[in-house]
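Remarks on the overall topology
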2 protein chains.
Amino acid sequence: MLLIEHLDQLYAVAGAGPRAGARQGDITPIVDGAVACDGGVIVAAGTTADVRARIAPGRDTTVVDGRGHSLVPGFVDPHTHVVFAGDRRDELRRRLAGASYAEIAAAGGGILSTVNATRAASEEALAAQTAVRLAEMLAQGTTTAEAKSGYGLDTATEVRMLRVIARLNGAQPLELVPTFIGAHEVPPEYRNRQAEFVRLVIDEMIPAAAPHAEWCDVFCDRGFFTPEESTAILEAGARAGMKPRIHADELAASGGPQVAAAVGARSADHLVRVDAAGIEALRAGRVIATLLPCAAFHLKLGQFAPARDLIAAGVPVALATDVNPGGGFSPSMPFAMALACFGMHMTFEEALVASTINAAAALDRQDRIGSLEPGKQFDAVLVRGAAVTLLRVNASPIAGVYKKGVLC
Amino acid sequence: MLLIEHLDQLYAVAGAGPRAGARQGDITPIVDGAVACDGGVIVAAGTTADVRARIAPGRDTTVVDGRGHSLVPGFVDPHTHVVFAGDRRDELRRRLAGASYAEIAAAGGGILSTVNATRAASEEALAAQTAVRLAEMLAQGTTTAEAKSGYGLDTATEVRMLRVIARLNGAQPLELVPTFIGAHEVPPEYRNRQAEFVRLVIDEMIPAAAPHAEWCDVFCDRGFFTPEESTAILEAGARAGMKPRIHADELAASGGPQVAAAVGARSADHLVRVDAAGIEALRAGRVIATLLPCAAFHLKLGQFAPARDLIAAGVPVALATDVNPGGGFSPSMPFAMALACFGMHMTFEEALVASTINAAAALDRQDRIGSLEPGKQFDAVLVRGAAVTLLRVNASPIAGVYKKGVLC
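In short, a report on the structure.

Residues and elements named next belong to chain B. Looking at the element boundaries, His 79 is found in the loop between strand S6 (75–77) and helix H2 (89–96). On the accessibility criterion, His 79 (0% relative accessible area) is buried. Put simply, His 79 and Val 272 are 193 residues apart on the chain and 15 Å apart in space, counted from C-alpha to C-alpha. In this structure His 79 touches Glu 146, Lys 148, His 247, Asp 269, His 270, Thr 290, Leu 292, Ala 320, Thr 321, Asp 322 and Val 323, once residues within four positions along its chain are discounted. Here Asp 269 takes part through its side chain, which lies 2.7 Å from a polar atom of the side chain of His 79.

Spelled out as structure tokens, the structure:
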């Protein structure tokens, strides 16, 4: 058994998460808190006095003195493109120097360079490159993350990406949730033949991917896939056993939230340009809004998603990093939280809920992770000082990360 | 002797820095670069072939294989309030939850809580708390930093803060540059008697502080000190031997740049609200614009300083962290660079110049630090991969920090 006690602050995030009438961020820390777990499962959480009254530490109990520290649930990162090959860092430098996307693409950069590198990479090479990124995410407190396909855009590579996710799940501490997104972009060989590519996704990729993926995603936005195409793809995915989620309104208010509501998507992601009708669709459809402020920041979109409007409308907000080779340069949920607080005017408590229980709900795992309550998996982040210290960027606020009760 | 060779990229930043007709950011990396230093001083820098041709490694030479890494000059942080006592992190949480500055002040928070804690702290306690922060800054690649007084607002405490700076200078690797800023705020005991406080600064504090400080600073802004008061203080400081620098236009275009030009200040800092007349004053007065995007971000000012306008006008731009207890939560020059690139539309090269040679110039040390050229001190940051990786927030791009040739 593991007992961490005398924590300055324990943010159990208990009783929070998406539910009717709830105010996001309506949580308070327990002072002099404690958590006990056994076999990776929480058996008690509360004040040190409460937990001590219920748990008698035995000979095999490891007791950790948490004084000077806080504990929060392990972060759940519900939107990443962490599996890819190649490196586009020099492209970043050139983009900051003013190169247009067209110029970068003409020089062999952009998403197609990632597609080419990923198609050329073996399963072993992809897994090795991805493992390095997962270690960075874990060090930043992420204990569960979604991971998408989408840099293959052909059936064999899409399935290989999903195999990499399966292979890495269990080979390192961070738990992965696999998502198929063959409709991430139209590959060059289908340029000007988008309808044919959509048929390929539905007829060939979805049956091949379904055994390997829990979710089906689509990039529904201006210049990518239409609401009609997205609906057809997500419905085909659902028939094959993959639950729907969606990229929506990153570049324009373009119908993604309405598609999400219509197909019963668990989460609609990005939403930088969502309008009032989109927010109402999300609310009525009980869709979680997963916001990716690091993407808006790195792509210099000039604005963030309207987090306050979403919260005011009662839409549960989750946060994610959007780790990806072209604009998702930070592996860190705490950085997403910092942008949420300082850029989207969320409170610290709202950002914490968004990064834990709401993010777990966005992956349909709210019953097992996302809060520190008895019966749940003990995934947690130990913070030096007050939990709000997590917002200190490029400092080292994290003292330790626990996954299933084990210090990583 | 130390020889680091085969670096993927060596950003020597040679020939850059404030000078007439120069374009900020007009630097290029040396591929397969090398630097040699002896006794903490650079003796050669260039391609590995060039350096090897000029330097014969001897028995006492440590040769470091830089493959897979880049090297940039050690960062110079020309604006910090790193010396203070107390902790205002819970105030941050409350501020994010919507508490007004007045509410926070009424609850005992705000700058006065720092003044009270700093007045009550011994020199030893202040030094100990500050040393922890300097270690964080050093780990982020800062090898030289300015440090201000300004939380005493009485003569004894102001001098004690400057003594702490002197004491820490040499007691740890990061070099400190002391600045007196008695006119940082009007203390409570002088409320409604601002003119009397200005007299106290000029007649009592400046003579007492001058032996301990290289620079004299003043918070010239709406609601703080007027241009006339600021001019009087900076001129008195100069007569006592302290060079002038200034907090200007953070809250409003309020005459600070004009004061800077008139008194010959080396640097005007913040400039979030600088207007065209202010920019012209800085240009004509050859004043360096030191921008503090972390402060604008953390205080949610809603905008950043107009870096592009300043650069277009030929004003040299430097970057700083503004580490302080109320809004300077990040110890990291790379985070200031990330905000400069993604928030102020600076290029990576402009941000690097701003964080090295221009920042050194803002502290009048451009002849000794700020670039990797023979004769200069070997202060440098070793980066994993390409130098642009420094912009990856909450990752760990820094592999090592050298101060005077020693790996810290």
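Residues and elements named next belong to chain B. Here the structure, examined in full by the defined rule, presents 1 cavity of 30 Å³ or more. The calculated volume of the largest cavity comes to roughly 40 Å³. Every residue lining the largest cavity is listed: His 270, Val 272, Leu 291, Leu 292, Pro 293, Ala 296, Phe 304, Ala 305 and Met 344. Grouping the constituent residues of the lining of the largest cavity by class yields 8 nonpolar, 1 polar and no charged.

Moving on, we get to helix H6 (residues 155–168) of chain A. Residue and element names in this part refer to chain A. With 14 residues, H6 should cover 20 Å at 1.5 Å per step; its first-to-last C-alpha distance of 20 Å lies within 8% of that length. Buried residues dominate H6, accounting for 10 of its 14 residues. Looking only at H6, the buried set comprises Thr 155, Thr 157, Glu 158, Val 159, Arg 160, Met 161, Leu 162, Val 164, Ile 165 and Leu 168. Close packing links the buried residues of H6 with helix H4 (111–120), helix H5 (123–139), strand S7 (142–148), strand S8 (175–183) and helix H7 (194–209). Two residues or fewer after H6 comes Gly 170, characterised by a positive phi angle close to 110 degrees.

Moving on, we get to helix H9 (residues 256–263) of chain A. Quick reminder: α-helices carry 3.6 residues per turn. Residues three or four places apart thus point the same way. Residues and elements named next belong to chain A. Of all the positions in H9, only Gly 256, Pro 257, Val 259, Ala 260 and Val 263 are classed as buried. Down the axis of H9, the smallest arc covering the buried residues is 160 degrees, so these residues share one side. Buried residues along H9 sit against strand S9 (215–220), helix H8 (227–239), strand S10 (243–244), strand S11 (246–248), strand S12 (267–270) and helix H10 (276–284). In the stretch just after H9, Gly 264 is the one whose phi turns positive, near 75 degrees.

Turning our attention to the interface of chain B and chain A. Each partner contributes to the interface: chain B provides 33 residues, whereas chain A provides 33 residues. Buried area between chain B and chain A, both sides added, is near 3,300 Å², and the carbon and sulfur share of it is 59%. On the chain B side of the contact with chain A, Phe 342, Arg 392 and Asn 394 of chain B bury the most area, a combined 25% of that side's loss. Where chain B meets chain A, there are 4 salt bridges. For the salt bridge of Glu 349 of chain A with Arg 93 of chain B, the shortest nitrogen-to-oxygen distance reads 2.8 Å. At the boundary of chain B and chain A, one finds 17 residue pairs in polar contact (both at pLDDT 80 or more). Those elements giving two or more residues to the side of chain B that touches chain A turn out to be H2, helix H11 (293–298), helix H13 (333–344) and helix H14 (348–355) of chain B. Broken down by element, the side of chain B that touches chain A gets its largest block of residues, 6 residues, from H13 of chain B. Looking at the side of chain B that touches chain A residue by residue, the class counts come to 19 nonpolar, 8 polar and 6 charged.

Here the focus is unusual backbone geometry. Residue and element names in this part refer to chain B. Although it is not a glycine, Asp 32 adopts a positive phi angle of roughly 55 degrees. Look at His 270: it is not a glycine, yet its phi comes out positive at around 95 degrees. Looking at the secondary structure, you find His 270 in strand S12 (residues 267–270).

Residue and element names in this part refer to chain A. Following the sequence through the fold, Thr 179 ends up in strand S8. Judged by relative accessible area, Thr 179 falls into the buried class, the value being 0%. There is a polar contact of 2.8 Å between the side chain of Thr 179 and the side chain of Glu 146.

What follows concerns the pattern of salt bridges. By the definition in use, this model includes 54 salt bridges over all chains. In this structure, Glu 136 of chain B and Arg 392 of chain A form a salt bridge, with 2.7 Å as the shortest nitrogen-oxygen distance. Of this pair, Glu 136 of chain B sits in helix H5 (residues 123–139) while Arg 392 of chain A is found in the loop between strand S15 (380–384) and strand S16 (398–403), placing the two residues in two different chains. What makes Glu 136 of chain B partly exposed here is its relative accessible area of 23%.

Thresholds applied
Residues numbered from 1 in each chain as written. Chains lettered and ligands numbered in written order. Predicted model: local features only at pLDDT ≥ 70, side-chain atom pairs only at ≥ 80, totals over all residues. Heavy atoms only, no water. Helix = DSSP H or I, 4+ residues; strand = E, 2+ residues; numbered from the N terminus. Buried < 20%, exposed > 50% of the residue type's maximum accessible area, 1.4 Å probe, protein only. Contact = heavy atoms within 4.5 Å. Polar contact = N/O pair within 3.5 Å; in protein donor to acceptor, adjacent residues only side chain to side chain. 1 Å grid on protein atoms, 1.4 Å probe; cavity = no way out; pocket = protein on both sides within 12 Å on 5 of 7 lines; lining within 4 Å. Points joined across faces, edges and corners; volume = space filled by probe spheres on them. Nonpolar A, V, L, I, M, F, W, Y, C, P; charged D, E, K, R; others polar. Expected span 1.5 Å × (residues − 1). Arc of directions from axis to C-beta. Buried area = accessible area lost by both parts, 1.4 Å probe. Salt bridge = Lys/Arg side-chain N within 4 Å of Asp/Glu carboxyl O.

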